[in-house]
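# Structural characterization, general
Below, each chain spelled out in residue letters.
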Amino acid sequence: MQPEWTLDGKVAIVTGAAKGGIGETYAHALAGAGAAVVCADINVDGAEVVAKDINADGGNALAVTVDIADAASVQAMVGATTRQFGGVDILVNNAALMAQIVATTAMGHSREQWDKAFAVNDPGP
């Protein structure tokens, strides 16, 4: 189904875009609407599968590795996007550690797990 609107000429970054998650769905939907898509994930192998699928379907996608809790990694992601596509128009902040958070009770998490969850789920300014 073709959307009534288009994202032709736009560039989108989707974090958490590895194969098997909701980010994969976002990436395919954006590509289907005409956007070039950067599939960004800490699991770059999974992101590469999604980018390859988009490219095989006639879209334009790039896979990059990113740890959104690390500022240098985020800067590298934006740099790779800018080099490949010239800029960024759309950002889908989808990366999260939900599976790790809901896997146990709140009291079952170590301080390190809580710190990582907050760094990924709410990276701040």
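Quick note: structure is the one above.
Residues numbered from 1 in each chain as written. Predicted model: local features only at pLDDT ≥ 70, side-chain atom pairs only at ≥ 80, totals over all residues. Heavy atoms only, no water.

### Re the nonpolar core
Convention followed: Nonpolar cores were defined as sets of buried Ala, Val, Leu, Ile, Met, Phe, Trp, Tyr and Cys residues, with membership established by side-chain atoms within 4.5 Å. Using a 1.4 Å probe on the protein chains alone, a residue whose accessible area is under 20% of its type maximum counts as buried, one over 50% counts as exposed, and one in between counts as partly exposed. Each helix is a run of H or I in the DSSP string that is no shorter than four residues. Each strand is a run of E no shorter than two, and both are numbered from the N terminus. Contacts are assigned to residue pairs that have any heavy atoms within 4.5 Å of one another.
The biggest cluster of nonpolar side chains holds 18 residues, and the ones touching the most others in it are Val 14, Ala 27, Leu 30, Val 37, Cys 39 and Ile 54. Elements represented by at least two residues in this core include exactly β1 (11-15), α1 (22-32), β2 (36-41), α2 (44-56) and β3 (61-65). Among the elements that line this core, the one with the most residues is α2, at 4 residues. If sequence neighbours within four positions are ignored, Cys 39 has contacts with Val 14, Ala 17, Ala 27, Ala 47, Val 50, Ala 51, Ile 54, Leu 62, Ala 63 and Val 64. Ile 13, Ala 36, Val 38 and Val 66 belong to the second largest nonpolar core, which has 11 residues in total.

### Quick look at α2
Put simply, the rule reads: How far a helix is expected to stretch is found by multiplying one less than its residue total by 1.5 Å. Working definition: the arc comes from the directions between the helix axis and the C-beta atoms, pointing outward to the latter.
With 13 residues, α2 extends 18 Å between its outermost C-alpha atoms, agreeing within 8% with the 18 Å of an ideal straight helix rising 1.5 Å per residue. Among the residues of α2, those classed as buried are Gly 46, Ala 47, Val 50, Ala 51 and Ile 54. Buried residues in α2, looked at end-on, bunch into an arc of 135 degrees, giving them a common side. Those residues of α2 that are exposed and angled more than 90 degrees off the buried face are Asp 45, Lys 52 and Ala 56. Buried-residue contacts for α2 involve α1, β2 and β3. Count one or two residues on from α2 and you reach Gly 58, which has phi positive near 95 degrees.

### Notes on the environment of Met 77
Mapped onto the fold, Met 77 is located in helix α3 (residues 71-85). Overall, Met 77 belongs to the buried group, its relative accessible area being 4%. Between the C-alpha atoms of Met 77 and Ala 63, which are 14 residues apart in sequence, the distance is 9.5 Å. If near-sequence neighbours (up to four positions away) are discounted, Met 77 is found in contact with Ile 13, Thr 15, Ala 40, Val 64 and Val 66.

### What about the sheet that holds β1?
The test is simple: Strands were regarded as paired on the criterion that DSSP finds at least two bridges between them. The axes used here are C-alpha line fits, helices contributing only the stretch in contact, and every angle between their N-to-C directions lies in the interval 0 to 180 degrees.
Sheet architecture is open: 4 strands sit in the order β3-β2-β1-β4, paired in parallel fashion. Single-partner strands in this sheet number two, and they are β3 and β4 (90-92). Looking at each pair of strands side by side, their axes are set apart by 20 degrees on average, direction ignored. Sheet topology note: the β1/β2 ladder contains 5 bridges and is parallel.

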